Amino acid sequence: MKQNATTYENDLPKASWTLSLGHFSIDSYSAFINPIMPFIAAKLGIALTMATTLISISHLCSSIIQPFFGYTADILKKRFFIVWGLILASIFLSFTGAAPNFWILGLCLALGSVGVAFYHPQATGFVKQFSAKNPTKYMSIFLACGTAGFSAGPLISSYFTEHFGLSNMPILMVYGIIVGLLMLKFIPKTSTPDNFKIFKEQALKPDFILSFLNAVKESFSVKDMRILFAISVAKCLTVSSFCVFLPFLWQKMDYSVSKIGVLVFLFVSAGALATIASSHFEKRIGAKRVFYLSMQTILPLTVIFLFTYATHPLVSYIAVILTGFFALLAIPINMVMAQNAVPQYRGLVSGFIGGLSWGIVGVLLPFTGFTAEKIGIPSLLTIVSIFPLICSFFVKGLSKDA
């Protein structure tokens, strides 16, 4: 039975907040592995390069297939993707700590990360649909909740590991399953039989994949999309490198798992605050200046970290936290501008900006892990921080200051 217009309008705030709660939950699971991976690697006898290869698999499964899921979600518009995506992630990513060997760990990371890939494109498209009056504001809230979850995840997994052990981590799946059931209650049904009929008709056609590739080609024919995607990749490379490699550096410095979890939490929490503040910065100084501020501050802060982490740890912590803030400052603006640039493919675009960009970084992780073993983690982070600076010169090519 279809909802009338008034009821549907009244349900929108509940839907928006439930999507944000789901985003917090699923991103917390996706970040479980960062602070505890050095300890899992030690337990299973895995070297840094192999550990980063596993994380690379996780990135690939959670990110690189998002554009296809986004394209499918644009047609179906079903809650299936967000509900089952969260449940898959909550179950399998909670089992990573209890994995008995390299192969089971890889399987848990892969299946849990597929759940992450299910969730994001459809949920991001729903945010746009349920908050048409002020999309930047609600997109900021949605993305901030995801970033907050990504920052809380290391705190949850490290605290739980220290007090209850890696083998008991599967208990943590409970809250994700509960939130998944809440989404069934509060997210309105937007799919119709016609959506499924259209999808079925298209999927059975030989040119379904061709139509997907044409949508990809059409999206990247837009200059703004190409620039925004390049910026997104550079930002993802920075954030991912800090989240993955700093725990290994701190473990070598004999930091406890809980201390590492707190530091990763502070790094990503600063990014969560930045996503909330993003719209305020945009109103005051304009979108392009936010991009410049976000991208040109990372290298100096990383250099400060390089010269202080061994002798002045407090200063290095401040540098890391500020890096987290500025690295994620322009993320909501990036997403909204990309969706506005290619409005006919919101889910697909979300898959590129919020998914494929992370997937590309995932492909690079084994190489960066090998490089980190050869030249050291601080030097690697300095090199990685150069890329946002380079990409900042492309910002002037954006067609307008949103």
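Structure shown above.
Parameters and conventions
- Residues numbered from 1 in each chain as written.
- Predicted model: local features only at pLDDT ≥ 70, side-chain atom pairs only at ≥ 80, totals over all residues.
- Heavy atoms only, no water.
- Helix = DSSP H or I, 4+ residues; strand = E, 2+ residues; numbered from the N terminus.
- Buried < 20%, exposed > 50% of the residue type's maximum accessible area, 1.4 Å probe, protein only.
- Contact = heavy atoms within 4.5 Å.
- Areas by Shrake-Rupley, 256 points an atom, 1.4 Å probe, with all protein chains shown as cover.
- Core = buried A, V, L, I, M, F, W, Y, C linked by side-chain atoms within 4.5 Å.
- 1 Å grid on protein atoms, 1.4 Å probe; cavity = no way out; pocket = protein on both sides within 12 Å on 5 of 7 lines; lining within 4 Å.
- Points joined across faces, edges and corners; volume = space filled by probe spheres on them.
- Nonpolar A, V, L, I, M, F, W, Y, C, P; charged D, E, K, R; others polar.
- Expected span 1.5 Å × (residues − 1).
- Phe/Tyr/Trp six-rings, centres within 6.5 Å; stacked < 30°, edge-to-face > 60°.
- Lys NZ or Arg CZ within 6 Å of the ring centre and 35° of its normal.
- Axes fitted to C-alpha atoms, helices over the stretch in contact; angles between N-to-C directions.
- Parallel < 35°, antiparallel > 145°, perpendicular 65-115°, else oblique.
- Left-handed = near helix turned anticlockwise from the far one by under 90°.
- Polar contact = N/O pair within 3.5 Å; in protein donor to acceptor, adjacent residues only side chain to side chain.

(A) Representation of the overall build of the protein chain in the model. Helix and strand counts for the protein chain come out as 19 helices and zero strands. Counting only residues that meet the buried cut, the protein chain has 57% of its 402 residues in that class. Relative to all contacts within the protein chain whose residues are 6 or more apart in sequence, the contacts with residues 24 or more apart total 87%. For the protein chain, the exposed area adds up to about 16,600 Å²; of that, 70% sits on carbon and sulfur atoms.

(B) Looking closely at the side chain of Ser 392. Take Ser 392: it is sitting in the segment after α19 (386-391). On the accessibility criterion, Ser 392 (0% relative accessible area) is buried.

(C) Representation of the nonpolar core in the model. Membership of the largest hydrophobic core comes to 111 residues, with the highest contact counts inside it found for Leu 19, Met 37, Ile 82 and Phe 291. In terms of residue count, helix α11 (residues 223-252) provides more of this core than any other element does, 18 residues in total. Excluding anything up to four places from it in sequence, Met 37 contacts Ala 51, Leu 54, Ile 55, Leu 105 and Phe 248.

(D) Highlighting empty space enclosed by the protein. Throughout the structure, instances matching the rule amount to three cavities of 30 Å³ or more. Space inside the largest cavity adds up to approximately 720 Å³. In terms of lining residues, the largest cavity is bounded by 37 residues, among which Asp 27, His 120, Phe 150, Gly 354 and Trp 358 are the most central. Looking at the lining of the largest cavity, the elements that each hand over two or more residues are α1 (5-30), α2 (33-44), α3 (48-64), α6 (102-130), α7 (135-164), α11, α16 (331-341) and α17 (346-375). Looking at the lining of the largest cavity element by element, the count peaks at seven residues for α11. Among the residues making up the lining of the largest cavity, the classes are represented as 17 nonpolar, 18 polar and two charged. One number sums up the size of the second largest cavity: a volume of about 40 Å³. Lining of the second largest cavity is provided by Ser 16, Trp 17, Ser 20, Val 127, Tyr 138, Ile 141 and Phe 142. By residue class, the composition of the lining of the second largest cavity is five nonpolar, two polar and no charged.

(E) Examining the side chain of Thr 302 more closely. Within the element layout of this structure, Thr 302 appears in helix α14 (residues 298-308). If we ignore the near neighbours within four places in the chain, the residues touching Thr 302 are Phe 242, Leu 381, Thr 382 and Ser 385.

(F) Main features of helix α18 (residues 377-384). Burial of α18 is extensive: six of the eight residues sit out of reach of the surface. All of the buried residues in α18 are Ile 377, Pro 378, Leu 380, Leu 381, Thr 382 and Val 384.

(G) Focus on helix α5 (residues 80-94). Over its 15 residues, α5 runs 21 Å from end to end, which matches the ideal 21 Å to within 8%, given 1.5 Å per residue. Every buried residue of α5 is accounted for by Phe 81, Ile 82, Val 83, Gly 85, Leu 86, Ile 87, Ala 89, Ser 90, Leu 93 and Ser 94.

(H) Structural context of the packing of aromatic side chains. With the rule as written, the count across this model stands at ten aromatic pairs. A ring pair is formed by Phe 220 and Phe 229, whose centres lie 5.3 Å apart and whose planes are at 85°; its orientation type is edge-to-face. Ring pairs connect the aromatic residues Tyr 29, Phe 32 and Tyr 175, which therefore count as one cluster. Lying across the ring of Tyr 255, Lys 259 places its NZ or CZ 4.2 Å from the centre.

(I) Structural context of the packing of α11 against α16. Between α11 and α16, the least distance of the axes is 9 Å, while the angle of their chain directions is 155°. Here α11 is positioned roughly antiparallel relative to α16, judged by the angle of their axes. For the pair α11 and α16, the crossing hand works out as left-handed. Two secondary-structure elements touch here, α11 through Asp 224, Met 225, Leu 228, Ile 231 and Ser 232 and α16 through Asn 334, Met 337, Ala 338 and Ala 341. Among the residues making up the contact of α11 with α16, the classes are represented as six nonpolar, two polar and one charged.

(J) Just the environment of His 312, in detail. Mapped onto the elements of the fold, His 312 is located in the loop between α14 and α15 (313-327). Its relative accessible area of 48% is what places His 312 among the partly exposed residues. Looking at His 312, its side chain comes within polar contact range of the side chain of Thr 311, at 3.0 Å.

(K) Main features of the environment of Val 349. If you trace the backbone, Val 349 turns up in helix α17. When its relative accessible area of 0% is taken as the criterion, Val 349 is described as buried. Between the C-alpha atom of Val 349 and that of Val 336, which follows or precedes it by 13 residues, the distance is 9.8 Å. If near-sequence neighbours (up to four positions away) are discounted, Val 349 is found in contact with Met 225, Ala 338, Gln 339 and Val 342.

(L) Up close: the packing of α11 against α15. Relative orientation of the contacting elements α11 and α15 amounts to 150°, with a least axis distance of 10 Å. Regarding the angle of α11 to α15, the classification is roughly antiparallel. Both α11 and α15 take part in a crossing whose hand is left-handed. Seen from α11, the contacting residues are Lys 235, Val 239, Phe 242 and Leu 246; seen from α15, they are Val 320, Thr 323, Phe 326 and Ala 327. Grouping the constituent residues of the contact of α11 with α15 by class yields six nonpolar, one polar and one charged.

None of this, on its own, says anything about what the molecule does.
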